[in-house]
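A closer look at the structure
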Amino acid sequence: MTTFDPARLESELRTAENQRLSAMLAGDLATLESLLEPELQYTHSTGRVDDRDSLLELLSSGTTEYLALKHDFDSVTQQGGLAVVEGTMKMHLISGGVEKHLETVNRTVWANTDGQSKLRLFIGAKAE
């Protein structure tokens, strides 16, 4: 039995999240896809819900372009084979031709799949 190491878990998740955000900024859909669980449910702060395929389609369409992304972790917990991250995200993007600056609160759930952290759930809500 392995001992739970919160610092190590947070470090691994920060690495995976930085890879995900870098892929989104670069439009690197192959890398992004490798970091997303096939069962992904992604709820945007607008209420739109995407699965993995529709999220990748949205990003490949050019309708939404991320210019800057910063995700701050507030807490990381482990529940079985899943890790839950709560935090805030600042985004600078162009969506539908409109430039936006957004701040959201969010919860992400990561699964360890074949030794790699993959995003299974993202829920974002506009920060007040």
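Details of the structure are given in the entry above.
Residues numbered from 1 in each chain as written. Predicted model: local features only at pLDDT ≥ 70, side-chain atom pairs only at ≥ 80, totals over all residues. Heavy atoms only, no water.

**A look at the pairing of strand β4 (residues 82–95)**
Relative to β4, strand β3 (residues 64–79) runs antiparallel, the two being bridged by 14 bridges. Paired with T64 across the bridge in β4 is S95. In textbook terms, the turn of a hairpin is the stretch between consecutive antiparallel strands, and for β3 and β4 this stretch comprises two residues, one of which, G80, has a positive phi near 65°. Of the strand pairs in this sheet, β4 and strand β5 (residues 98–113) are connected by 14 bridges, and their pairing is antiparallel. Bridge assignment links L93 to a residue of β5, and that residue is K100. Between β4 and β5, which pair antiparallel one after the other, the connecting turn spans two residues, and G96 there sits at a positive phi close to 60°. (Pairing = 2+ DSSP bridges. Helix = DSSP H or I, 4+ residues; strand = E, 2+ residues; numbered from the N terminus.)

**Regarding the sheet that holds β3**
Pairing is mixed across the open sheet formed by six strands, whose spatial order is β2-β1-β6-β5-β4-β3. Edge positions in the sheet fall to β2 (49–51) and β3, since each of these pairs with one other strand and no more. Strand-to-strand, the axes of this sheet are offset by a mean angle of 20°, without reference to chain direction. Relative to β2, strand β1 (residues 36–43) runs antiparallel, the two sharing three bridges. Of the residues in β2, the one forming a bridge with Y42 is D50. Contacts from helix α1 (residues 6–26) reach β1, β3, β4, β5 and β6 (116–126) within the one sheet, and its direction differs from that of β3 by about 165°. (Axes fitted to C-alpha atoms, helices over the stretch in contact; angles between N-to-C directions. Contact = heavy atoms within 4.5 Å.)

**Focus on the packing of aromatic side chains**
Under the counting rule described, the total for this entry stands at one aromatic pair. Between Y42 and F122, the ring centres sit 4.3 Å apart and the planes meet at 10°, which makes this aromatic pair stacked. Residue Y42 is found in strand β1, and its partner F122 is found in strand β6; the two are separated by 80 residues along the sequence. Side by side, Y42 and F122 carry an identical accessibility label, which is buried. (Phe/Tyr/Trp six-rings, centres within 6.5 Å; stacked < 30°, edge-to-face > 60°. Buried < 20%, exposed > 50% of the residue type's maximum accessible area, 1.4 Å probe, protein only.)

**So, the pattern of salt bridges**
This model, assessed by the stated rule, comprises eight salt bridges. When the shortest N-O distance is used, the salt bridge between R48 and D50 registers 2.8 Å. Residue R48 is classed as partly exposed on the basis of its relative accessible area of 39%. Residue D50 is classed as buried on the basis of its relative accessible area of 2%. The partner of E86 in a salt bridge is R107, with the nearest N and O atoms 2.3 Å apart. Of this pair, E86 sits in strand β4 while R107 sits in strand β5, placing them 21 residues apart in sequence. Here E86 falls in the partly exposed class, since its relative accessible area comes to 30%. (Salt bridge = Lys/Arg side-chain N within 4 Å of Asp/Glu carboxyl O.)

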